[in-house]
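Observations on chain architecture
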Amino acid sequence: MPVPLHSLRLQERGFNQSLLLARKVFQNHRVEELLLRQKYTKPQVSLKGKERGQNVKGAFGVRHPERVRGQKVLLFDDVLTTGATVTECAKTLVKNGALEVKVAVLVRAG
């Protein structure tokens, strides 16, 4: 499952790089967009440390909680810096019933 973009940012950019990469990297697996970014946030790249965690707090939701409940989920993001985004995504998934959340990233920065 890729880390989602807010609909406004998706409209600006025209694509979700995490989704495109996940589809390529995991082409033999089902890649679902069940997470949604329900709160527009500042770009994480413009923030530092604790600001990043505060920026994404409460930013995510789950489209179909029944499809997450009881599942093991692999969360995918393009870049991991402080881990604030994937941590908040994982918390949201667990809150919605995911049994386990593992994280895969293309690049570890910082």
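Here, every reference points to the structure presented above.
Residues numbered from 1 in each chain as written. Predicted model: local features only at pLDDT ≥ 70, side-chain atom pairs only at ≥ 80, totals over all residues. Heavy atoms only, no water.

For the rest of this paragraph, the subject is the overall build of the chain. Helix and strand content of the chain: five helices and four strands. The N-to-C order of helical and strand elements in the chain reads α-α-β-α-β-α-β-α-β. The C-alpha atoms of the chain give a radius of gyration of 13 Å, which matches the 13 Å a tight globule of 110 residues would have. Taking the principal axes of its C-alpha atoms as reference, the chain extends roughly 35 × 30 × 25 Å. Looking at the chain as a whole, 40% of its 110 residues qualify as buried. Restricting the contact set of the chain to residue pairs at least 6 apart, pairs at least 24 apart contribute 73%. In the form shown here, the chain has an accessible surface area of approximately 6900 Å², with 52% of it arising from carbon and sulfur atoms. Averaging the coordinates of the 20 positive side-chain charges in the chain and doing the same for the 9 negative ones gives two points 3 Å apart. (Helix = DSSP H or I, 4+ residues; strand = E, 2+ residues; numbered from the N terminus. Rg over C-alpha atoms; globule rule 2.2 N^0.38 Å. Buried < 20%, exposed > 50% of the residue type's maximum accessible area, 1.4 Å probe, protein only. Contact = heavy atoms within 4.5 Å. Areas by Shrake-Rupley, 256 points an atom, 1.4 Å probe, with all protein chains shown as cover. Lys, Arg positive; Asp, Glu negative; His and termini not counted. Charge placed at Lys NZ, Arg CZ, Asp CG, Glu CD.)

Before going further, it helps to spend a moment on the packing of aromatic side chains. Enumeration over the complete set of coordinates arrives at one aromatic pair. Judged by centre distance (5.6 Å) and plane angle (85°), the ring pair of Phe26 and Phe76 falls under edge-to-face. Pair noted here: Phe26 is in the loop between α2 (17-25) and β1 (35-37) and Phe76 is in strand β3 (residues 72-80), with a separation of 50 residues, a long-range link. (Phe/Tyr/Trp six-rings, centres within 6.5 Å; stacked < 30°, edge-to-face > 60°.)

For the rest of this paragraph, the subject is the pattern of salt bridges. As enumerated under the stated definition, the model contains four salt bridges in all. The salt bridge involving Arg23 is made with Glu33; its shortest N-O contact spans 3.8 Å. Within this pair, whereas Arg23 is found in helix α2, its partner Glu33 is found in the loop between α2 and β1, the two being separated by 10 residues in sequence. Glu33 sits in the partly exposed class, given a relative accessible area of 38%. Between Arg30 and Glu32 there is a salt bridge, with the nearest N and O atoms lying 2.9 Å from each other. (Salt bridge = Lys/Arg side-chain N within 4 Å of Asp/Glu carboxyl O.)

A word on helix α5 (residues 84-95). With 12 residues, α5 extends 16 Å between its outermost C-alpha atoms, agreeing within 8% with the 16 Å of an ideal straight helix rising 1.5 Å per residue. Gly97 sits one or two positions beyond α5 and adopts a positive phi of about 100°. (Expected span 1.5 Å × (residues − 1).)

Of all hydrophobic cores here, the largest spans 17 residues; its most connected members are Met1, Leu35, Phe60, Val68, Leu75, Cys89 and Leu93. Going through the elements one at a time, β2 (60-62), β3 and α5 are the ones with two or more residues in this core. It is α5 that provides the largest number of residues to this core, a total of four residues. Apart from residues lying up to four places away in sequence, Leu35 is in contact with Met1, Pro2, Pro4, Phe60, Gly61, Val62, Arg63, Leu75, Cys89, Thr92 and Leu93. (Core = buried A, V, L, I, M, F, W, Y, C linked by side-chain atoms within 4.5 Å.)

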